[in-house]
Amino acid sequence: TVEGTPDYTRNETSTWSPFAEQKVQSFKSKLSTVINEDRFVQLQLLAAAKAKDTATAMKLIEDFEKQGKRIAISSYSAVLDALAEERNPELATGLITRLLESSLPLDAKIYSTMLQIYTDLLLPDKAIEVLRAMNQRRVIANRKDYNNLLFMFAKLGDETNLKAFY
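Predicted model only: the values in this text are computed from it and were never measured.

## Some remarks on the overall build of the chain
From N to C terminus, the chain includes 8 helices and 0 strands. Its helices and strands taken in sequence order, the chain reads α-α-α-α-α-α-α-α from the N to the C terminus. For the chain, the residues scored as buried account for 33% of the 166 residues in total. Sequence-distant contacts, at least 24 apart, represent 56% of the contacts inside the chain between residues at least 6 apart. On the chain, roughly 10800 Å² of surface is accessible, and the fraction owed to carbon and sulfur atoms is 54%.

## Points about the packing of helix H5 (residues 108-120) against helix H6 (residues 124-136)
Their axes nearest at 8 Å, the elements H5 and H6 cross at an angle of 165 degrees. On the basis of their axis angle, the class for H5 and H6 is roughly antiparallel. The two elements H5 and H6 cross, and the hand of that crossing is left-handed. Within the contact between the two elements, H5 uses Tyr-111, Met-114, Leu-115, Tyr-118 and Thr-119 and H6 uses Lys-126, Ala-127, Val-130, Leu-131, Ala-133 and Met-134. Here the contact of H5 with H6 is composed, by residue class, of 9 nonpolar, 1 polar and 1 charged.

## Focus: the pattern of salt bridges
Scanning the entire structure with this criterion turns up 5 salt bridges. For Arg-98, the salt bridge goes to Glu-65, with nearest N and O atoms at 3.0 Å. Note that Arg-98 is positioned in helix H4 (residues 89-101) and Glu-65 in helix H2 (residues 54-66), a separation of 33 residues in sequence. Residues Lys-109 and Asp-81 are paired through a salt bridge, measuring 2.8 Å at the closest nitrogen-oxygen approach. Placement of Lys-109 in helix H5 and of Asp-81 in helix H3 (residues 73-86) is noted, with a sequence separation of 28 residues between them.

## Details of unusual backbone geometry
Backbone geometry follows two general trends: most residues other than glycine have a negative phi, and most peptide bonds adopt the trans configuration. Within the chain, Lys-52 stands out as a residue other than glycine whose phi angle is a positive 60 degrees. With respect to the element layout, Lys-52 can be found in the loop between helix H1 (18-50) and H2. In this structure Lys-52 comes out as partly exposed when scored by relative accessible area, which is 40%. Look at Leu-122: it is not a glycine, yet its phi comes out positive at around 60 degrees. Counting through the fold element by element, Leu-122 comes out in the loop between H5 and H6. Accessibility expressed as a relative area gives 32% for Leu-122, which makes it partly exposed.

The rules behind the values
Residues numbered from 1 in each chain as written. Predicted model: local features only at pLDDT ≥ 70, side-chain atom pairs only at ≥ 80, totals over all residues. Heavy atoms only, no water. Helix = DSSP H or I, 4+ residues; strand = E, 2+ residues; numbered from the N terminus. Buried < 20%, exposed > 50% of the residue type's maximum accessible area, 1.4 Å probe, protein only. Contact = heavy atoms within 4.5 Å. Areas by Shrake-Rupley, 256 points an atom, 1.4 Å probe, with all protein chains shown as cover. Axes fitted to C-alpha atoms, helices over the stretch in contact; angles between N-to-C directions. Parallel < 35°, antiparallel > 145°, perpendicular 65-115°, else oblique. Left-handed = near helix turned anticlockwise from the far one by under 90°. Nonpolar A, V, L, I, M, F, W, Y, C, P; charged D, E, K, R; others polar. Salt bridge = Lys/Arg side-chain N within 4 Å of Asp/Glu carboxyl O.

Function-wise, these values are silent; they only describe arrangement.
This is the structure in structure tokens:
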């Protein structure tokens, strides 16, 4: 157990057989390994994103998903932030599509980053797709999201959408 926290696996009055005690210890060891592996996955992704090595980050995401490893929303968010700075439409679109098709509980920050990527790349259809996904999942777009959309429509000279969103 962690120092200072109680060990709830057994109390003073219970007596376990050596076999049961061995099973408990084995389970604890396996659980610790799984937790450490999950943490290692997140650290690898965060390191690649922080280094702006988006190609490596995307390869790690692919590999981890194939292996069935859980990837934290914060790791996806860090990779999306790096993709936004890099302005790489192929990698960004691939990850965004994957996230939109997933059942992951995406937060407003991730959606805002997706919108930012698509509005910076002047991809109105993709930006509107993200906005629709936000509405379907009951995530509220903020003022910056709408400003980015309006600015993109203005740059494109798209008066119809500019009026519709204004």
